[in-house]
Amino acid sequence: MSLEPQHQVHKAVMTSGHALKIPELKILQSDGTPYPGATLPDIDQELALKIYDTAVFTRVLDERMLAAQRQGRISFYMTCIGEEAAVVGSAAALGQDDMIMAQYREQAALRYRGFTTEQFMNQMFSNVKDLGKGRQMPIHYGSNELNYMTVSSPLGTQIPQAAGYAYGQKRAGKEAVTLCYFGEGAASEGDFHAGLNMAAVLNCPAIFFCRNNGYAISTPTSEQFAGDGIAPRGVGYGINTIRVDGNDMLAVLAATQQARAIAVAENKPVLIEAMSYRLGAHSSSDDPSGYRSREEEAKWREHDPVLRFKLWLLAQGWWSEQQDEALYDQYRKEVLAAVKVAETLPKPAYDTLVTDVYDIVPEHLEKQLQETRDHMARYPDHYPADSGKEA
Ligand SMILES: Cc1ncc(C[n+]2csc(CCOP(=O)(O)OP(=O)(O)O)c2C)c(N)n1
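Just so you know, these numbers come straight off a predicted model, no measurement behind them.

## Here we look at the pattern of salt bridges
Alright, step 1. If you walk through the whole model with that rule in mind, you get 25 salt bridges.
Alright, step 2. Close ionic contact of D304 with R59 constitutes a salt bridge, the shortest N to O distance being 2.9 Å. Linking D304 in the loop between α11 (294-301) and α12 (305-316) with R59 in helix α2 (residues 45-70), this pair joins segments that are 245 residues apart in sequence.
Alright, step 3. D304 sits in the buried class, given a relative accessible area of 16%.
Alright, step 4. Look at R59 and you get buried, because its relative accessible area is 15%.
Alright, step 5. Put simply, K21, D228, R243 and E273 are held in one network by salt bridges that share partners.

And the structure:
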């Protein structure tokens, strides 16, 4: 399309009114039936049930661990409630060799990869079996074995890292991608822009997956940006972009399968914006009643992503209400039993505080560790009896 040169400034100004709203891929309606004419993604019964199993586990984990936080058993928690389709649907489109770089609300992707209930608990209770040796806040998971980069609290750091990691995968000739999760709030960080531009210019096989859940803690999207969400920013950087209904498991799966195919075949990044809603509080330290209405929450509850997918499974004849009840029951028992074991295990040894960071522990850290040991010896009552001892 060629445009006539404009000779009047007011005609040359591009206003937001000129921009088309980017459409949203949808496959399942809220009652679980596909929209007429919708093309389903590549999915069979086994995959569908693994996806559902992961979503149910995550619901149960979130419910139980938020309660555990309220009881003072763990210090902090964040739920994924309302966003299970965005997270599980995307993780299910990946291969085990693909790298996942999460923000913090994506425990369902880690579970999909095979993180065990016991491993979740060991991390949250910072016990001796925690893969991170108790050096992170609860929910900051990481697993080398499962290609899941350790979560870090500062927002957006994983975005340029994902571009770089994907660049490395390409250079190594691996047919693998890096999927990077972040919220629409984190997309306000400079790292978002640096990461996307780098991936676009260097042709990195990265999938940037934005969970647009409406809020960055108490800041609604209307106070975060004035444009049409995050998707147009991908177009701005020359990146293939898909906007998808983030409460629609099949649409998210389809979008991410497509994104992965593009990333691997063309060595190009893809941006996905999943439109969803955070049904729970931001974290165990937040109370959403101060910044949003119950009516708004109730409206979104009608679009429950787990229920929508379940209705589709029932209609396929792949699932029953009896199986459903049994699965929730099984996971409630499993999570409670794992809590009881994990909370009784001792804490990691203090010496591990300074290991794994440097090849050789520097003198100043050795000194600080010795001071800690001396303090423990002088004031044993200040430390729990089992602290600092390997099991
Ligand atoms: C650099 C930085 N600034 C601020 C914070 C505090 N903070 C933690 S989470 C959060 C909101 C993030 O919102 P979003 O990216 O939309 O993700 P969501 O929590 O909604 O899933 C903020 C501001 C932080 N962790 N790091």
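Moving on from the model shown.
## Examining the site of the ligand
Alright, step 1. By nearness alone, 17 residues border the ligand, and Y104, R105, G185, A186 and Y215 come closest of all.
Alright, step 2. Between the ligand and R105, the relevant distance is 2.8 Å, taken from an oxygen atom to a side-chain nitrogen or oxygen of the residue.
Alright, step 3. The contact in question runs from an oxygen atom of the ligand to an N or O atom on the side chain of E184, over 3.3 Å.
Alright, step 4. If the ligand stood free it would expose 590 Å²; the protein chains cover 74% of that surface.
Alright, step 5. Here the shell around the ligand is composed, by residue class, of 7 nonpolar, 6 polar and 4 charged.

## Overview of the pairing of strand β7 (residues 240-245)
Alright, step 1. Where β7 and strand β8 (residues 270-275) come together, 6 bridges link them in parallel fashion. Each residue of the ladder has a partner; that of V244, found in β8, is A274.
Alright, step 2. At this point the chain moves from β7, through helix α10 (residues 249-266), to the parallel β8, and the crossover so formed is right-handed.

## What about the packing of α2 against α12?
When two helices pack together, you describe them by how their axes are tilted relative to each other and by the distance separating the axes.
Alright, step 1. In the contact formed by α2 and α12, the axes pass within 11 Å of each other and the chain directions differ by 145 degrees. Our pair here, α2 against α12, has a crossing hand that is left-handed. Contacts between α2 and α12 involve A48, L49, I51, Y52, A55 and R59 from the former and P305, V306, F309, K310, W312 and L313 from the latter.
Alright, step 2. In the contact of α2 with α12, the residues fall into 10 nonpolar, no polar and 2 charged.

## Things to note about the domain arrangement of the chain
Alright, step 1. Domain boundaries assigned for the chain yield domain 1 (3-342) and domain 2 (350-382).
Alright, step 2. Of note, the centres of domain 1 and domain 2, computed from C-alpha atoms alone, are 38 Å apart.

## Considering α2
Alright, step 1. Between its first and last C-alpha atoms α2 spans 38 Å; for 26 residues at 1.5 Å apiece the expected length is 38 Å, and the two agree.
Alright, step 2. After α2 finishes, the residue G72 shows a positive phi value of roughly 80 degrees.

## Some thoughts on the packing of aromatic side chains
Alright, step 1. Scanning the model with the defined rule gives 14 aromatic pairs in all.
Alright, step 2. Each ring, one from Y215 and one from Y277, has its centre 6.2 Å from the other, and the planes form 80 degrees; the classification is edge-to-face. Linking Y215 in strand β5 (residues 215-216) with Y277 in the loop between β8 and α11, this pair joins segments that are 62 residues apart in sequence. Just as Y215 is buried, Y277 falls in that class too.
Alright, step 3. Seen from their ring centres, Y277 and W300 are 5.1 Å apart, and the 5 degrees between their planes marks the pair as stacked. Taken together, the residues Y277 in the loop between β8 and α11 and W300 in helix α11 connect sequence positions 23 residues apart.
Alright, step 4. Look at Y277 and you get buried, because its relative accessible area is 3%.
Alright, step 5. Directly above the ring of F57 sits R111, whose terminal nitrogen or CZ lies 3.5 Å from the centroid.

## Considering the environment of Q161
Alright, step 1. Within the element layout of this structure, Q161 appears in helix α6 (residues 158-171).
Alright, step 2. Spatially, the C-alpha atoms of Q161 and D191 are 9.3 Å apart, while their sequence positions differ by 30 residues.

## Focus on the state of the cysteines
Alright, step 1. Counted according to the given criterion, the structure contains 0 disulfides.
Alright, step 2. In this structure C180 is a free cysteine whose sulfur lies 10 Å from that of C210, the closest cysteine sulfur available.
Alright, step 3. Its relative accessible area of 0% is what places C180 among the buried residues.

Parameters at a glance
- Residues numbered from 1 in each chain as written.
- Predicted model: local features only at pLDDT ≥ 70, side-chain atom pairs only at ≥ 80, totals over all residues.
- Heavy atoms only, no water.
- Salt bridge = Lys/Arg side-chain N within 4 Å of Asp/Glu carboxyl O.
- Helix = DSSP H or I, 4+ residues; strand = E, 2+ residues; numbered from the N terminus.
- Buried < 20%, exposed > 50% of the residue type's maximum accessible area, 1.4 Å probe, protein only.
- Near = heavy atom within 4 Å.
- Polar contact = N/O pair within 3.5 Å; in protein donor to acceptor, adjacent residues only side chain to side chain.
- Areas by Shrake-Rupley, 256 points an atom, 1.4 Å probe, with all protein chains shown as cover.
- Nonpolar A, V, L, I, M, F, W, Y, C, P; charged D, E, K, R; others polar.
- Pairing = 2+ DSSP bridges.
- Right-handed = clockwise from strand over helix to strand, strands pointing away.
- Axes fitted to C-alpha atoms, helices over the stretch in contact; angles between N-to-C directions.
- Left-handed = near helix turned anticlockwise from the far one by under 90°.
- Contact = heavy atoms within 4.5 Å.
- Domains from an automatic or database assignment.
- Expected span 1.5 Å × (residues − 1).
- Phe/Tyr/Trp six-rings, centres within 6.5 Å; stacked < 30°, edge-to-face > 60°.
- Lys NZ or Arg CZ within 6 Å of the ring centre and 35° of its normal.
- Disulfide = S-S within 2.5 Å.

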